[in-house]
Amino acid sequence: MAFVSYCRLYINTNLDKNWLFGRICTYLGGIRSGINDAETSWCSLSVINNGYHDAEKYSRNRTDFIYWKYCVELEIINNVSADRYINNINKLIEYLKSFCDGVVPSCDFEEQLR
């Protein structure tokens, strides 16, 4: 079975989206390729508003990640191995957890992510 590399990280934070995107790009050494899009040596990424974000529902249940404000969408590039890709996503998750209130991955390989 082929490796499906698309991964979405739900982010729980009140930080500004542009500031969040800037921190992620700086951490990953990403080169901007659009307003909230970038490429690194191992992935392309986008920081987007979560279309399901609902402030009222979020205020009633802050642990339900489907209502969190932002998502980071990741896709493998440059023939990077699945192991390297997963390892780098784990590092990104740990970094985001250092200043965000929560990070939840959603992908076919989420059981391999912390």
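In this text, all values refer to a predicted model and were calculated from it rather than measured experimentally.

Peer 1: I would appreciate a short explanation of the sheet that holds strand β6 (residues 102-107) in the present structure.
Peer 2: Adjacent strands of a sheet form backbone hydrogen bonds with each other and so pair up, either parallel or antiparallel. Spatial ordering of the open sheet is given by β2-β3-β4-β5-β1-β6, a layout of 6 strands whose pairing is antiparallel. Each of the sheet's edge strands pairs with one partner strand only, and the pair in question is β2 (31-32) and β6. As paired elements, strand β3 (residues 37-39) and strand β4 (residues 43-49) share 3 bridges and run antiparallel to each other. Following the sheet pairing, Asp37 is matched in β4 by Ser46. Contacts from helix α1 (residues 17-28) reach β1 (7-12), β2, β3, β4 and β5 (70-76) within the one sheet, and its direction differs from that of β4 by about 165 degrees. Along the sheet, helix α3 (residues 82-97) contacts β1, β4, β5 and β6; its crossing angle with β1, the most-contacted strand, is approximately 5 degrees.

Peer 1: Honestly, the packing of α1 against α3 in this entry has me stumped. Any pointers?
Peer 2: How two helices pack is summed up by the angle between their axes together with the distance between the axes. In contact at an axis separation of 11 Å, α1 and α3 are set at 135 degrees when each is read in the N-to-C sense. In terms of their interaxial angle, α1 and α3 are classed as oblique. Handedness of the α1/α3 crossing: right-handed. Judged by residue contacts, Leu20, Arg23, Ile24, Tyr27 and Leu28 of α1 engage Lys91, Leu92, Tyr95 and Leu96 from α3. A per-class count over the contact of α1 with α3 returns 7 nonpolar, no polar and 2 charged.

Peer 1: Can you help me understand the pairing of β1 in this one?
Peer 2: Along a regular strand, successive side chains alternate from one face of the sheet to the other. The element β1 is extensively covered by neighbouring structure, given that 6 of its 6 residues are classed as buried. The alternating pattern of β1 places Cys7, Leu9 and Ile11 and Arg8, Tyr10 and Asn12 on opposite faces, both of which are buried. One ladder, built from 5 bridges, connects β1 with β5; its direction is antiparallel. Note on β5: the bridge partner recorded for Tyr10 is Cys71. Two elements, β1 and β6, share 6 bridges in a ladder whose sense is antiparallel. Directly across from Ile11, in β6, lies its bridge partner Val103.

Peer 1: How should the packing of aromatic side chains be read in this particular structure?
Peer 2: For any pair of aromatic rings, geometry is given as the distance between the ring centres together with the angle between the planes. Per the stated rule, a full pass over the model turns up 9 aromatic pairs. Ring geometry for Phe3 against Tyr85: centres 6.2 Å apart, planes inclined by 85 degrees, an arrangement best described as edge-to-face. Here Phe3 is found in the segment before β1, whereas its partner Tyr85 is found in helix α3, with 82 residues between them in sequence. Among the residues examined, Phe3 registers a relative accessible area of 37% and is labelled partly exposed. Classification of Tyr85 by relative accessible area gives buried; the value is 0%. Members of the aromatic cluster, joined through ring pairs, are Phe3, Trp42, Tyr85 and Phe109.

What counts, and at which threshold
Residues numbered from 1 in each chain as written. Predicted model: local features only at pLDDT ≥ 70, side-chain atom pairs only at ≥ 80, totals over all residues. Heavy atoms only, no water. Pairing = 2+ DSSP bridges. Helix = DSSP H or I, 4+ residues; strand = E, 2+ residues; numbered from the N terminus. Contact = heavy atoms within 4.5 Å. Axes fitted to C-alpha atoms, helices over the stretch in contact; angles between N-to-C directions. Parallel < 35°, antiparallel > 145°, perpendicular 65-115°, else oblique. Left-handed = near helix turned anticlockwise from the far one by under 90°. Nonpolar A, V, L, I, M, F, W, Y, C, P; charged D, E, K, R; others polar. Buried < 20%, exposed > 50% of the residue type's maximum accessible area, 1.4 Å probe, protein only. Phe/Tyr/Trp six-rings, centres within 6.5 Å; stacked < 30°, edge-to-face > 60°.

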